[in-house]
Amino acid sequence: NRSILLLGSGFVAEPCLEYLMRSGNNVVTVACRRVEKAQELATKYPGTKAISLDVEDDAALDAAVAAHDLTISLIPYTQHARVMKSAIKAKKHVVTTSYISPAMEELDQAAKEAGIICMNEIGLDPGIDHLYALKIINEVHAEGGKITSFESFCGGLPAPEDSNNPLGYKFSWSARGVLLALRNNARYWQDGKLVEIQGKDLMDSARPIYIYPAFATVGYGNRDSSHYRERYNIPHAQTCVRGTMRYQGFPEFAKTLVNMGFLDDTPQQLLSAANTEPLPWNKVTAQLLGSASDEPGSLLAAIESKIDTQDPEARKRVLHGVKWLGITSPDVLATKRGTYLDVLCARLEDLMMYGEGERDMILLQHKFEVENKDGSNNTRTSVTLMYGEPNGFTAMAKTVGVPCGMATQLILDGKITKTGVIAPMTPEVYQPILDMLPSEGINAVEETI
């Protein structure tokens, strides 16, 4: 039997655990700070154990990692380097779905010397996106061609029939991460020029992304993708951008919330839980906007001045969305969470969680402009579209958790052997996973135009 330590029991942990328990040879221990959370997941899968573990207790973490053949870290990415240090000491493998951070990268040589694999970036984005991009890039190179443009956009979205709110978006977990991502800067190559976009302008940079006529999707840059020319070995790409996809209308509404100041995460006395008075939303919004009046009509007029788009129809949709949110209403009470950001998160989570029987969708498109060996040009696309199961695994959880489980199994079976702090960037690492994805209903539809 192989022993696996699974750190975390969040929404991607269960598809990963379910995959690993199929073999009959794996014994998995689920570890959380609160043992009840670990037990909740472990009791669904016979033979799975649950323990309480505080990863900030170095001695406890060292002991838990040393007692297992491999550790899967599905806890916040800031803890992965700590987990890897324990794994290096114990000479045990690690798998994460997160980007390789500088703190993780620093451990590469130590991991090689320990003879261990620290596999990262093996979820959806990052993860599956790498596999399908590198497949086509390496095919083009093998035929003597070159990639002159690479655009990749990925979105975790509600299925169209469940995108029934003004943002066209729903949450499976906390809204905080989604909102904080609106503050990120973006950096990418466009037509040979390095483009840098400040977080405050990110939503203004959104543009239509054409995939299928049935989907009205838009995209904007996701952090720094300028280094993917080197990472993917596509030096001739004049455009190289990786971005986030949302439904049409999201950027205009999100930008209005940004302009209003809702991403402010500094504590406010009015919003403190210590304030025991009931707090209507119109009072929160009046303070945020510095408005002398908390009358809904006055607040809507003040908010209208914060809408950037000049398109009359889009402006009307944003105002409709503001009314729907209830943030100008004296009759809707705010949940006091200390900051404007967290009070808005609470409201969004009240209104925009997935309901019973609703399903999510992941949509990923890679688009390549190719110059062939004979000088001719064509466009190649790769599209992954997957829906969640109503009342079952979400598409997002499955496309993150299952590739993570696959990579874990391949390492335990000795089929991935490259040591160090790695991501699936080379054929010997990514090809075995790519071969396994279709059996789990995860596919890419490729087209050459």
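Scroll up for the structure.
The text that follows walks through the structure, step by step, so that each part is easy to find.

Calculation rules
Residues numbered from 1 in each chain as written. Predicted model: local features only at pLDDT ≥ 70, side-chain atom pairs only at ≥ 80, totals over all residues. Heavy atoms only, no water. Buried < 20%, exposed > 50% of the residue type's maximum accessible area, 1.4 Å probe, protein only. Helix = DSSP H or I, 4+ residues; strand = E, 2+ residues; numbered from the N terminus. Core = buried A, V, L, I, M, F, W, Y, C linked by side-chain atoms within 4.5 Å. Contact = heavy atoms within 4.5 Å. Pairing = 2+ DSSP bridges. Patch = residues over 30% accessible without salt bridge, like charges linked within 9 Å, V, L, I, M, F, W, Y side chains within 5 Å. Areas by Shrake-Rupley, 256 points an atom, 1.4 Å probe, with all protein chains shown as cover. Salt bridge = Lys/Arg side-chain N within 4 Å of Asp/Glu carboxyl O. Axes fitted to C-alpha atoms, helices over the stretch in contact; angles between N-to-C directions. Phe/Tyr/Trp six-rings, centres within 6.5 Å; stacked < 30°, edge-to-face > 60°. Lys NZ or Arg CZ within 6 Å of the ring centre and 35° of its normal. Arc of directions from axis to C-beta. Polar contact = N/O pair within 3.5 Å; in protein donor to acceptor, adjacent residues only side chain to side chain.

**Comments concerning helix α4 (residues 80–90)**
Alright, step 1. For α4, the complete set of buried residues consists of H80, A81, V83, M84, S86, A87 and I88.
Alright, step 2. Looking at the residues trailing α4, positive phi occurs at K91, about 60°.

**Here we look at the nonpolar core**
Alright, step 1. I72, M119, Y232 and I433 are the most contacted members of the largest nonpolar core, which has 66 residues in total.
Alright, step 2. Ranked by residue count, the leading element in this core is helix α15 (residues 395–412), at 10 residues.
Alright, step 3. Look past the residues within four positions of I433 in its chain and what remains in contact with it is M119, I122, L131, M406, A407, L410 and I416.
Alright, step 4. Residues Y220, L289, L319 and L348 belong to the second largest nonpolar core, which totals 56 residues.

**Re the pairing of strand β11 (residues 217–221)**
Alright, step 1. Judged by how many residues are buried, β11 sits mostly within the fold: five of five residues are covered.
Alright, step 2. Summarising the sheet, strand β10 (residues 207–209) and β11 pair through three bridges and their orientation is antiparallel. Looking at the pairing, I209 lines up with T217 of β11.
Alright, step 3. Looking at chain direction, β11 and strand β12 (residues 239–247) are connected through five bridges and run antiparallel. Pairing of V218 across the sheet is with R246, part of β12.

**Structural notes on a nonpolar patch on the surface**
Alright, step 1. Together, Y212, L385, Y387 and V445 give the surface a local cluster of nonpolar side chains, amounting to about 320 Å² of exposed area.
Alright, step 2. Of note, V445 is situated in strand β16 (residues 445–448).

**Section: the environment of G414**
Alright, step 1. Topologically, G414 is positioned in the loop between α15 and β15 (420–422).
Alright, step 2. Overall, G414 belongs to the partly exposed group, its relative accessible area being 46%.
Alright, step 3. Spatially, the C-alpha atom of G414 lies 22 Å from that of V83, the residues being 331 residues apart in sequence.

**Quick notes on the sheet that holds strand β5 (residues 93–96)**
Alright, step 1. Taken in spatial order, the seven strands of this open sheet run β3-β2-β1-β4-β5-β6-β15, and their pairing is parallel. Both edges of this open sheet fall to β3 (49–52) and β15, since each of them pairs with a single strand only. Between one strand and the next, the sheet's axes are offset by a mean angle of 20°, whatever the strand orientation.
Alright, step 2. Pairing between strand β6 (residues 117–119) and β15: three bridges, direction parallel. Following the sheet pairing, M119 is matched in β15 by I422.

**Let's talk about the packing of aromatic side chains**
Alright, step 1. With the rule as written, the count across this model stands at seven aromatic pairs.
Alright, step 2. Ring centres of Y169 and F171 lie 5.3 Å apart, and the angle between their planes is 70°; on these two criteria the pair is classed as edge-to-face. Both residues of the pair, Y169 and F171, count as buried.
Alright, step 3. With a centroid separation of 5.0 Å and 70° between ring planes, the pair formed by Y228 and Y232 is classed as edge-to-face.
Alright, step 4. In this structure Y228 comes out as buried when scored by relative accessible area, which is 2%.
Alright, step 5. Here a set of aromatic residues connected by ring pairs shows up, and it is made of F150, Y228, Y232 and F368.
Alright, step 6. Just above the ring of W189 sits the side chain of R229; from NZ or CZ to the centre is 3.7 Å.
Alright, step 7. A cation sits over an aromatic face here: R242 above Y228, 4.3 Å from the ring centre.

**Notes on the side chain of N282**
Alright, step 1. Counting through the fold element by element, N282 comes out in helix α11 (residues 281–289).
Alright, step 2. With a relative accessible area of 6%, N282 lands in the buried category.

**A few points about helix α12 (residues 296–304)**
Alright, step 1. Those residues of α12 that sit buried are L299, L300 and I303. Seen from one end, α12 has its buried residues packed into an arc of 100°, which puts them on one side.
Alright, step 2. Among the structural elements, α10 (250–260), α11 and α13 (312–325) are those in contact with the buried residues of α12.
Alright, step 3. Where α12 begins, the capping side chain belongs to E295, and its oxygen is found 3.1 Å from the backbone nitrogen of G297.

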